[in-house]
Amino acid sequence: MLAIMTAPTVTHWTGTPYVGHADRVEDVINPATGRVSARVRYADVETANAVVSAAELAARDWGRSSLTARSRVLFRFRELLDARKEELAAIITREHGKILADALGEVSRGQEAVEFACGIPHLLKGAYSEGVSTGIDVHSKRQPLGVVGVISPFNFPAMVPMWFFPIAIAAGNAVVLKPSEKDPSASIWLAELWREAGLPAGVFTVLQGDKVAVDALLEHPAVKAISFVGSTPIARYVYERASSYGKRVQALGGAKNHMVVLPDADLDVAADQAVSAGFGSAGERCMAISVLVAVGPIADGLVARIADRTRSLRTGDGTRGTDMGPLVTRAHRDRVASFVDAGEAAGAELVVDGRAPQVDGDSSGFWLGPTLFDHVTPDMEIYTEEIFGPVLSIVRAGSYDEAVRLVNANPYGNGVALFTSSGTAARAFERDVEVGMVGVNVPVPVPMAYYSFGGWKQSLFGDQHAHGTDGVQFFTRGKVVTTRWNDPAAKPGGGLELAFPQNR
Ligand code: NAD
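Residues numbered from 1 in each chain as written. Predicted model: local features only at pLDDT ≥ 70, side-chain atom pairs only at ≥ 80, totals over all residues. Heavy atoms only, no water.

Undergrad: Would you explain the site of the ligand in this entry?
TA: Within the structure, the ligand sits among 27 residues, and K178, E181, S231, G253 and E386 are positioned closest to it. Between an oxygen atom of the ligand and a side-chain N or O atom of K178, the distance comes to 2.7 Å. Between G230 and the ligand, the recorded distance is 3.3 Å, taken from a backbone N or O atom to an oxygen atom. Relative to its unbound accessible surface of 840 Å², the ligand loses 89% to contact with the protein. With respect to the pocket detection grid, the ligand is positioned in the largest pocket. For the shell around the ligand, the secondary structure elements donating two or more residues are helix 7 (211–219), strand 11 (223–229) and helix 8 (232–244). (Near = heavy atom within 4 Å. Polar contact = N/O pair within 3.5 Å; in protein donor to acceptor, adjacent residues only side chain to side chain. Areas by Shrake-Rupley, 256 points an atom, 1.4 Å probe, with all protein chains shown as cover. 1 Å grid on protein atoms, 1.4 Å probe; cavity = no way out; pocket = protein on both sides within 12 Å on 5 of 7 lines; lining within 4 Å. Sits in = over half its atoms within 2 Å of the grid points. Helix = DSSP H or I, 4+ residues; strand = E, 2+ residues; numbered from the N terminus.)

Pasting the structure below:
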């Protein structure tokens with residue numbers, strides 16, 4: 001067990017635990033019990049500056065260390081993570097509430113990004129052109145930025161930071177991670193793992209806190225790039241604010257993911273997948289399916305299948321082998337429940353009501369059972385808002401075209417899925433749909449780490465997506481070098497020439 005598991009207060013990290021200055025200290029609550037499981041420091045500006053300074057100090061030497069040295073640290077980190085991922089999963093379940101199997105899945109998907117970053121020597125290879133002009137060669141290289149900030153949401157306290165920091169570190173940067181204040185302990189567990197893997201102090205740092213810490217990172221001149229993941233309003237704010245300070249920014253925002261089911265789909269498979277993708281992690285996933293679009297005459301049969309499966313789910317403490325855990329805070333639980341009230345008031349048909357669930361867990365937990373609405377229309381609040389909870393809405397569409405128009409009219413464009421047995425329909429959908437990540441008979445199409453993750457429209461502000469080759473581009477900047485070595489044996493150079501250089 002790592003020391004943090006028993007530590008009462010979660011601190012910042014600069015290579016060792018760092019207490020900071022006049023920080024506030026707030027509670028971290030276990031959502032399955034409603035009780036305090038830890039305390040966490042909230043950085044003030046002075047603390048933030050101290051953490052950035054530690055990263056700045058480390059960045060220069062790390063950026064100049066060999067690719068071999070860096071990739072060896074990455075490999076060691078990967079081995080340690082793989083061996084101990086259950087410890088991290090337990091921390092995630094305790095502070096986020098998701099069931100243990102789900103937490104383990106989160107860590108494994110994050111590990112894939114570490115594995116991708118282990119290949120950094122290959123990923124940073126430049127190009128070389130010999131003899132672009134007489135006696136002149138050109139080569140390109142990619143160099144680290146320096147200090148980069150990663151600001152992450154509560155719903156994936158390990159995986160989302162791992163979308164960014166392994167590549168950033170492998171590329172030679174120093175990272176300041178600002179995790180969610182709701183589940184901060186995973187960040188310190190990961191920091192301890194880096195130390196054990198042999199990463200020099202300051203290359204991976206952690207700054208705990210809220211808006212004060214975020215703003216300090218957005219404004220600090222030493223922080224050259226910001227990777228943000230969270231809700232759309234905050235993503236937009238972070239993008240605009242950090243850009244105004246001249247930083248490179250990728251800000252991933254919220255989502256409203258549709259699953260379109262065509263009449264030729266296997267309805268049992270579609271129902272299984274809709275329930276898994278709608279209610280996994282209690283719907284607190286940016287790739288959760290929150291709207292199912294049933295096309296044509298299959299709707300009644302599909303809704304009946306989904307309703308049966310929804311009723312069979314067991315809600316409760318994620319450590320007890322249940323299907324679905326609590327929501328992250330009491331306020332969030334109440335907000336999601338208020339959407340259920342609003343859906344009912346707006347006239348949607350409440351097929352399964354999760355507001356008073358039977359729970360295998362402490363009565364003080366933040367429980368809401370899986371909830372299913374049918375006959376939802378696009379003007380209803382339960383359709384227009386990102387609910388981020390276990391509420392699945394069925395919208396009925398008359399045709400494929402109507403379904404695609406609905407998806408494309410939505411302001412978000414994170415993930416989408418099509419269920420069909422027609423290759424022709426799938427091919428048209430792939431082409432027509434205005435969404436960044438598309439699944440064909442796959443409900444949660446989270447790309448592998450060697451592809452890039454990101455949505456379109458209000459789901460991402462910036463040019464580059466997370467991880468994959470976009471991630472390598474984001475955390476490095478390009479340089480092109482043009483070289484001429486005069487041959488001392490040849491005649492002296494060609495004299496003055498003030499015209500723009502032309503290649504010969
Ligand atoms: P959030 O926007 O409340 O918080 C995200 C981060 O921003 C946290 O670190 C938080 O401390 C910080 N923050 C909060 N308020 C701030 C403010 N006013 N100014 C500056 N910083 C602030 O998001 P959340 O509730 O933690 O996470 C859920 C949201 O994240 C959902 O909208 C979900 O769709 C989104 N999300 C998106 C993706 C994606 O890949 N697109 C992935 C995961 C989560």
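Anyway, onward from the coordinates.
Undergrad: What is the right way to look at the environment of S421 in this model?
TA: Along the chain, the position of S421 falls in the loop between strand 21 (415–419) and helix 14 (423–432). The class of S421 is exposed, set by a relative accessible area of 58%. For S421, the residues in contact, after removing those within four places along its chain, are D264 and A265. At a separation of 2.9 Å, a polar atom in the side chain of S421 contacts the main-chain carbonyl oxygen of D264. (Buried < 20%, exposed > 50% of the residue type's maximum accessible area, 1.4 Å probe, protein only. Contact = heavy atoms within 4.5 Å.)

Undergrad: I'm lost on the domain arrangement of the protein chain in this one. Help?
TA: Segmenting the protein chain into domains produces domain 1 (9–253 + 459–480) and domain 2 (257–440). Placing a centre on the C-alpha atoms of domain 1 and another on those of domain 2 gives a separation of 31 Å. Taken residue by residue, the interface counts 20 residues in domain 1 and 24 residues in domain 2. Note on domain 1 versus domain 2: buried area summed over both sides is about 1800 Å², and carbon and sulfur give 59% of it. Among the residues domain 1 hides against domain 2, the three largest losses belong to A32, I99 and S459. Together they make up 27% of the total. In this structure, the connection of domain 1 to domain 2 is made through two salt bridges. The shortest N-O distance in the salt bridge between R285 and D102 comes to 2.9 Å. Looking at the side of domain 1 that touches domain 2, the elements that each hand over two or more residues are helix 2 (67–96) and helix 3 (100–117). When its residues are assigned to classes, the side of domain 1 that touches domain 2 shows seven nonpolar, eight polar and five charged. (Domains from an automatic or database assignment. Buried area = accessible area lost by both parts, 1.4 Å probe. Salt bridge = Lys/Arg side-chain N within 4 Å of Asp/Glu carboxyl O. Nonpolar A, V, L, I, M, F, W, Y, C, P; charged D, E, K, R; others polar.)

Undergrad: Sorry if this is basic, but what is going on with the pairing of strand 13 (residues 257–261) here?
TA: Regular strands place their side chains on alternate faces of the sheet. With five of its five residues buried, strand 13 lies for the most part within the structure. The side-chain alternation of strand 13 yields two buried faces, one formed by N257, M259 and V261 and the other by H258 and V260. Across five bridges, the pairing between strand 13 and strand 14 (residues 289–295) is parallel. Paired with N257 across the two strands is I289, which belongs to strand 14. In this structure, strand 13 lies alongside strand 21, joined through four bridges in parallel fashion. (Pairing = 2+ DSSP bridges.)

Undergrad: Looking at this model, I keep getting lost on the packing of helix 2 against helix 5 (residues 159–170). Mind explaining?
TA: The description of two packed helices rests on the angle between their axes and on the distance between the axes. Where helix 2 contacts helix 5, the two axes come as close as 9 Å, and the packing angle between them is 150°. Judged by the angle between their axes, helix 2 and helix 5 are roughly antiparallel. Of the residues in helix 5, those touching helix 2 at R70, L74, F77 and L81 are M162, F165, P166, I169 and A170. Its residues assigned to classes, the contact of helix 2 with helix 5 shows eight nonpolar, no polar and one charged. (Axes fitted to C-alpha atoms, helices over the stretch in contact; angles between N-to-C directions. Parallel < 35°, antiparallel > 145°, perpendicular 65-115°, else oblique.)

Undergrad: Whenever I open this one, unusual backbone geometry confuses me. Can you help?
TA: One can expect most non-glycine residues to show negative phi and most peptide bonds to be in trans. With a phi angle near 55°, H375 is a residue other than glycine that sits in the positive phi range. Secondary-structure assignment places H375 in the loop between strand 18 (371–374) and helix 12 (381–384). H375 sits in the partly exposed class, given a relative accessible area of 39%. Positive phi is not limited to glycine here, since H467 has a value of about 45°.

Undergrad: Help me understand the nonpolar core, please; the structure alone is not making it clear to me.
TA: Within soluble globular proteins, side chains that are nonpolar generally end up buried alongside one another. Within the largest apolar cluster, 70 residues are counted, with the highest numbers of intra-cluster contacts made by L81, I169 and F204. Take this core: its biggest share by element is 10 residues, from helix 5. Looking at which domains feed residues into this core, each of domain 1 (9–253 + 459–480) and domain 2 (257–440) supplies at least three. The contact partners of F204, leaving out residues within four places of it in the chain, are W13, G15, F165, I169, V175, L177, S187, L190, A191, W194 and L199. Membership of the second largest hydrophobic core comes to 62 residues, among which are A294, M324, I382 and I387. (Core = buried A, V, L, I, M, F, W, Y, C linked by side-chain atoms within 4.5 Å.)

Undergrad: What's the story with empty space enclosed by the protein in this structure? I'm lost.
TA: Any space left empty among the atoms is revealed by the rolling of a water-sized probe across them. Scanning the model with the defined rule gives five cavities of 30 Å³ or more in all. When its volume is computed, the largest cavity comes out at roughly 100 Å³. Surrounding the largest cavity, 15 residues form its lining, G283, R285, A288, S290 and F388 being those nearest its centre. A breakdown of the residues in the lining of the largest cavity according to their chemical character gives seven nonpolar, five polar and three charged. As a volume, the second largest cavity reaches approximately 40 Å³. Around the second largest cavity, the lining residues are R109, E112, A113, W163, V446, P447, M448, A449 and H467. When residues of the lining of the second largest cavity are assigned to their parent elements, the largest contribution, three residues, is made by helix 3. Among the residues making up the lining of the second largest cavity, the classes are represented as six nonpolar, one polar and two charged. (Points joined across faces, edges and corners; volume = space filled by probe spheres on them.)

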